[in-house]
Amino acid sequence: MKQLMLFVLVTTLCIWSCKKDPKVDEVTYEVTLTNAISWHGAYLDESAHVIGVSAAPTNWKYTFKNDNQLTVATLQAYADGTSNTKDATMKIYVNGKVVAQGNSSVSPQLQYIFP
């Protein structure tokens, strides 16, 4: 009887510990502008679709839950305007922490590969 109770207890604990949901990351893309009026580009959304952006303002953000377990987050931005010093600063956050950062004057594409 003790062996049966121990078996039931161990089995229940194993099932309970295995049913934990995997952690779902929150991903945020952000674009801020310097000496530019707007920006255009693209990003990869939560369904792995490439979404085009046109004439977006500074301080633009897009946040989603990575329910589909994407393996990469991608953001591309080009600053619009007439200034020679125009620039778009791009950031990718995962769970509120900056994991990738770049400027369009160096490279218009920013990417983060999930571990």
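Here, the structure is the one placed above.
Note that the structure is predicted; figures quoted are calculated from it, not measured. (Residues numbered from 1 in each chain as written. Predicted model: local features only at pLDDT ≥ 70, side-chain atom pairs only at ≥ 80, totals over all residues. Heavy atoms only, no water.)

A. Structural context of the overall build of the chain. Scanning the chain from N- to C-terminus turns up one helix and eight strands. Along the chain direction, N to C, the helices and strands of the chain fall in the order α-β-β-β-β-β-β-β-β. In the chain, which comprises 115 residues, the proportion classed as buried is 34%. Contacts in the chain between residues at least 24 apart in sequence constitute 59% of all its contacts with a sequence separation of at least 6. Of the roughly 7,600 Å² of accessible surface on the chain, 57% is carried by carbon and sulfur atoms. (Helix = DSSP H or I, 4+ residues; strand = E, 2+ residues; numbered from the N terminus. Buried < 20%, exposed > 50% of the residue type's maximum accessible area, 1.4 Å probe, protein only. Contact = heavy atoms within 4.5 Å. Areas by Shrake-Rupley, 256 points an atom, 1.4 Å probe, with all protein chains shown as cover.)

B. View of the pattern of salt bridges. Tallying each qualifying case throughout the model produces two salt bridges. Among the ionic pairs, lysine 65 bridges to glutamate 26, the shortest N-O distance being 3.7 Å. With lysine 65 in strand β4 (residues 60-65) and glutamate 26 in strand β1 (residues 26-34), the pair connects residues that are 39 residues apart, well separated along the chain. Here lysine 65 falls in the partly exposed class, since its relative accessible area comes to 45%. Between glutamate 30 and lysine 61 there is a salt bridge whose closest N-O contact spans 3.6 Å. One end of the pair, glutamate 30, is in strand β1; the other, lysine 61, is in strand β4, with 31 residues separating them in the sequence. (Salt bridge = Lys/Arg side-chain N within 4 Å of Asp/Glu carboxyl O.)

C. How the structure looks around the packing of aromatic side chains. Scanning the entire structure with this criterion turns up eight aromatic pairs. Taking the centre distance of 5.4 Å and the plane angle of 50° together, the rings of tyrosine 43 and tryptophan 60 count as tilted. Taken as a pair, tyrosine 43 in strand β2 (residues 38-44) and tryptophan 60 in strand β4 lie far apart in primary sequence, 17 residues in all. As far as burial versus exposure is concerned, tyrosine 43 and tryptophan 60 are alike and both buried. Centre to centre, the rings of tyrosine 43 and tyrosine 62 are 4.7 Å apart; their planes meet at 40°, and the pair counts as tilted. Here tyrosine 62 lies in strand β4 and tyrosine 43 lies in strand β2, a separation of 19 residues in the sequence. In this structure an aromatic cluster arises from ring pairing among Tyr29, Trp39, Tyr43, Trp60, Tyr62 and Phe64. (Phe/Tyr/Trp six-rings, centres within 6.5 Å; stacked < 30°, edge-to-face > 60°.)

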